[in-house]
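Commentary on secondary and tertiary structure
Here's the letter readout for the chains.
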Amino acid sequence: MNAATAWLALFAAGGLEILFAVGLKSATRFDRPWVLAGTIASLLGSLSLLTFSLRHLPVGSAYAVWTGIGAVGTAIVGMVLLGESASALRLLCIGLIVMGVVGLKSLH
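Residues numbered from 1 in each chain as written. Predicted model: local features only at pLDDT ≥ 70, side-chain atom pairs only at ≥ 80, totals over all residues. Heavy atoms only, no water.

Within the structure shown, the criterion is met by one salt bridge. Ionic pairing is found between Glu84 and Arg90, a salt bridge with its closest N-O pair at 3.4 Å. For Glu84, a relative accessible area of 32% puts it in the partly exposed group. (Salt bridge = Lys/Arg side-chain N within 4 Å of Asp/Glu carboxyl O. Buried < 20%, exposed > 50% of the residue type's maximum accessible area, 1.4 Å probe, protein only.)

Written out as structure tokens, the structure reads:
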């Protein structure tokens, strides 16, 4: 595996982290076992891909990028699909997270 593959795995892990976090909101009622199963599968897939990517990426940068993708993606899904606030300050903070993720990625 090369670094490009590790970064792809890390971005996929971040995508699954978004599914996991959003799934948690729906899985809290336990009345839809398929939602809970999908949420758990997303978590396991995300952690597996993160672990895979850590074979070639520095742990500090990889973990920060993974959590950044999860945080930004989950916030966007919350705003677009769940009616959460999209205030200017919230968008600014999300932009700062994106800048940090891009900065960490560009260092490697």
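On we go.
Right, let's talk about a nonpolar patch on the surface for a bit. On the surface, a cluster of nonpolar side chains totalling about 410 Å² of accessible area is made up of Ile76, Val80, Leu81 and Leu82. Mapped onto the elements of the fold, Ile76 is located in helix H3 (residues 59–81). For Ile76, a relative accessible area of 40% gives the class partly exposed. (Patch = residues over 30% accessible without salt bridge, like charges linked within 9 Å, V, L, I, M, F, W, Y side chains within 5 Å. Areas by Shrake-Rupley, 256 points an atom, 1.4 Å probe, with all protein chains shown as cover. Helix = DSSP H or I, 4+ residues; strand = E, 2+ residues; numbered from the N terminus.)

Per-residue pLDDT for the chain has a mean of 92; in total, 99% of the residues score no lower than 70. Considering each helix and strand of the chain separately, the mean pLDDT is smallest for helix H4 (residues 88–106), with a value of 91, and largest for helix H2 (residues 33–53), with 95. (pLDDT = per-residue confidence, 0-100.)

Here the focus is the nonpolar core. If you look at the biggest cluster of nonpolar residues, it comprises 13 residues, and the most contacted ones within it are Trp7, Leu10, Leu50, Leu57, Val65 and Trp66. Elements with a contribution of two residues or more to this core: helix H1 (3–27) and H3. Not counting the four nearest positions on each side in its chain, Val65 is found in contact with Trp7, Leu10, Phe11, Val101 and Leu104. (Core = buried A, V, L, I, M, F, W, Y, C linked by side-chain atoms within 4.5 Å. Contact = heavy atoms within 4.5 Å.)

Right, let's get into the packing of aromatic side chains. Scanning the model with the defined rule gives two aromatic pairs in all. Taking the centre distance of 6.3 Å and the plane angle of 40 degrees together, the rings of Trp7 and Phe11 count as tilted. Of this pair, Trp7 and Phe11 both sit in helix H1, four residues apart, which is roughly one turn of that helix. Taking relative accessible area as the criterion, Trp7 reaches 6% and is therefore assigned buried. Taking the relative accessible area as the measure of exposure, Phe11 reaches 37% and is therefore partly exposed. (Phe/Tyr/Trp six-rings, centres within 6.5 Å; stacked < 30°, edge-to-face > 60°.)

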